[in-house]
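# A look at the structure
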Amino acid sequence: NAGVTQTPKFQVLKTGQSMTLQCAQDMNHEYMSWYRQDPGMGLRLIHYSVGAGITDQGEVPNGYNVSRSTTEDFPLRLLSAAPSQTSVYFCASSYSGSNIQYFGAGTRLSVL
Amino acid sequence: GQQVMQIPQYQHVQEGEDFTTYCNSSTTLSNIQWYKQRPGGHPVFLIQLVKSGEVKKQKRLTFQFGEAKKNSSLHITATQTTDVGTYFCADYKLSFGAGTTVTVRA
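Residues numbered from 1 in each chain as written. Chains lettered and ligands numbered in written order. Predicted model: local features only at pLDDT ≥ 70, side-chain atom pairs only at ≥ 80, totals over all residues. Heavy atoms only, no water.

### Description of the interface of chain A and chain B
In plain terms, the rule: The contact criterion used is simple: two residues touch if any of their non-hydrogen atoms lie within 4.5 Å. Defined here as a combined quantity, buried area equals the accessible surface (1.4 Å probe) lost by two parts on assembly, summed across both. Counted as salt bridges are all cases of a side-chain nitrogen of Lys or Arg within 4 Å of a carboxyl oxygen of Asp or Glu. Pairing of N or O atoms within 3.5 Å defines a polar contact, subject to two protein rules: one partner must be a possible hydrogen donor and the other a possible acceptor, and residues neighboring in sequence count only if both atoms are side-chain atoms. Helix and strand labels come from DSSP, where a helix needs a run of H or I of at least four residues and a strand needs a run of E of at least two; each type is numbered from the N terminus. Think of it as three bins: nonpolar holds Ala, Val, Leu, Ile, Met, Phe, Trp, Tyr, Cys and Pro, charged holds Asp, Glu, Lys and Arg, and polar takes everything else, Gly as well.
Listed per partner, the contact involves 16 residues of chain A and 19 residues of chain B. Taking both partners together, chain A and chain B bury about 1,500 Å²; carbon and sulfur atoms supply 54% of that area. For chain A, the biggest contributors to the area lost against chain B are Leu-43, Asn-99 and Phe-103 of chain A; these three give 37% of the whole. Connecting chain A to chain B are 0 salt bridges. Where chain A packs against chain B, one counts 7 residue pairs in polar contact (both at pLDDT 80 or more). When residues of the side of chain A that touches chain B are traced back to their parent elements, those giving at least two are strand 4 (31-38) and strand 5 (42-51) of chain A. For the side of chain A that touches chain B, the element with the highest residue contribution is strand 4 of chain A, accounting for 3 residues. Counted by class, the side of chain A that touches chain B contains 8 nonpolar, 6 polar and 2 charged residues.

Here it is, written out as structure tokens:
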């Protein structure tokens, strides 16, 4: 049982480039979310989804897009990367009605 | 902004000593969770508290939910090097505190 899988683990981008961070879970969880983690800021919610076809914005959604075409996958898209998006990104999933979240290993992104 | 506030932000502990970290909210929480993140790792769920005044223990870790359900605490006794990491609380809206980063002096 792989749990929550994030790819890539590391990425360096130039300002203005686009990319997609992948997240997949094999636990049949309805709820999935994306966080970014910056020093001293804890984990801030970017976007979340309560099920396939349903997404909503979190605390810091600007500059990011998401979609949820299947229960398993929840990719995060950066359309035009900016240095302010340098961060560690975590994907998490949970059962509907449960607050207990299972996190992926994270993607460490640097935007130059 | 963050709905739950954690203090202290950093905790430097001598091995063998006890310490407590706190999580506070201005609103009543239906439940609260605690997570631990080891250096370079990802957050891992520790425990969830639901009832007013609830106390749960995991070996040397004691978690408590306040009577008014607006605060929570994590108390670690006889700190060990394995306790190094950042401890986060999260409310029922999945809003995380900024965390308490714990370092241990051997």
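After that view of the structure, there is still more to cover.
### Comments concerning the sheet that holds strand 2 (residues 10-14) of chain B
All names here are of chain B. For the record, the criterion: In this description, strands pair whenever DSSP reports at least two bridges between them. Where helices are involved, their axes are fitted lines through C-alpha atoms of the stretch in contact, as for all axes, and angles between N-to-C directions lie from 0 to 180°.
The mixed open sheet is built from 5 strands, whose spatial order is 2-10-9-4-5. Among the strands making up the open sheet, the edge pair consists of strand 2 and strand 5 (44-49). Across the sheet, the axes of successive neighbouring strands diverge by a mean angle of 25°, strand direction being ignored. Bridge count for strand 9 (residues 85-91) against strand 10 (residues 100-105) is 3 bridges, and the pairing is antiparallel. Residue pairing across strands places Gly-85 opposite Val-102, the latter belonging to strand 10.

### Here we look at unusual backbone geometry
Across residues other than glycine, the phi torsion is negative in most instances, and most of the peptide bonds are trans. The following threshold applies: We call a residue buried when its accessible area falls under 20% of the maximum for its residue type, exposed when it is over 50%, and partly exposed in between, using a 1.4 Å probe and counting protein chains only.
The peptide bond linking Thr-7 of chain A to Pro-8 of chain A adopts the cis configuration, its omega dihedral lying at -10°. Looking at the secondary structure, you find Pro-8 of chain A in the loop between strand 1 (4-7) and strand 2 (10-13). The residue after Ile-7 of chain B, namely Pro-8 of chain B, is reached through a cis peptide bond having omega -5°. Its location among the elements puts Pro-8 of chain B in the loop between strand 1 (4-7) and strand 2. Even without glycine at this site, Asn-28 of chain A takes up a positive phi of about 60°. You can call Asn-28 of chain A exposed: its relative accessible area is 54%.

### Considerations on the state of the cysteines
Residues and elements named next belong to chain A. The line we're drawing: In this description, a disulfide is simply a cysteine sulfur pair whose atoms lie within 2.5 Å.
Enumeration over the complete set of coordinates arrives at 2 disulfides over all chains. For Cys-23, the disulfide goes to Cys-91, at an S-S distance of 1.9 Å. As the torsion about the S-S bond is roughly -70°, the Cys-23-Cys-91 disulfide counts as left-handed. On the criterion of sequence distance, the pair formed by Cys-23 in strand 3 (residues 19-25) and Cys-91 in strand 9 (residues 87-94) is long-range, its members being 68 residues apart. For the pair shown, Cys-23 and Cys-91 are each scored as buried.

### Observations concerning the confidence of the model for chain B
Quick reminder of the rule: pLDDT: the predictor's confidence for each residue, scored from 0 to 100.
In the predicted model, chain B carries a mean pLDDT of 94, and 98% of its residues have values of at least 70. When pLDDT is averaged over each helix and strand of chain B, the minimum, 94, is found for strand 1 of chain B and the maximum, 98, for strand 7 (residues 61-65) of chain B.

### What to know about the pattern of salt bridges
Residue and element names in this part refer to chain B. Throughout the structure, instances matching the rule amount to 4 salt bridges over all chains. The residue Glu-54 makes a salt bridge to Lys-56 at a minimum N-O spacing of 3.7 Å. Residue Lys-56 is classed as partly exposed on the basis of its relative accessible area, which comes to 31%. A salt bridge links Asp-83 to Arg-60; the nearest nitrogen and oxygen atoms lie 2.8 Å apart.

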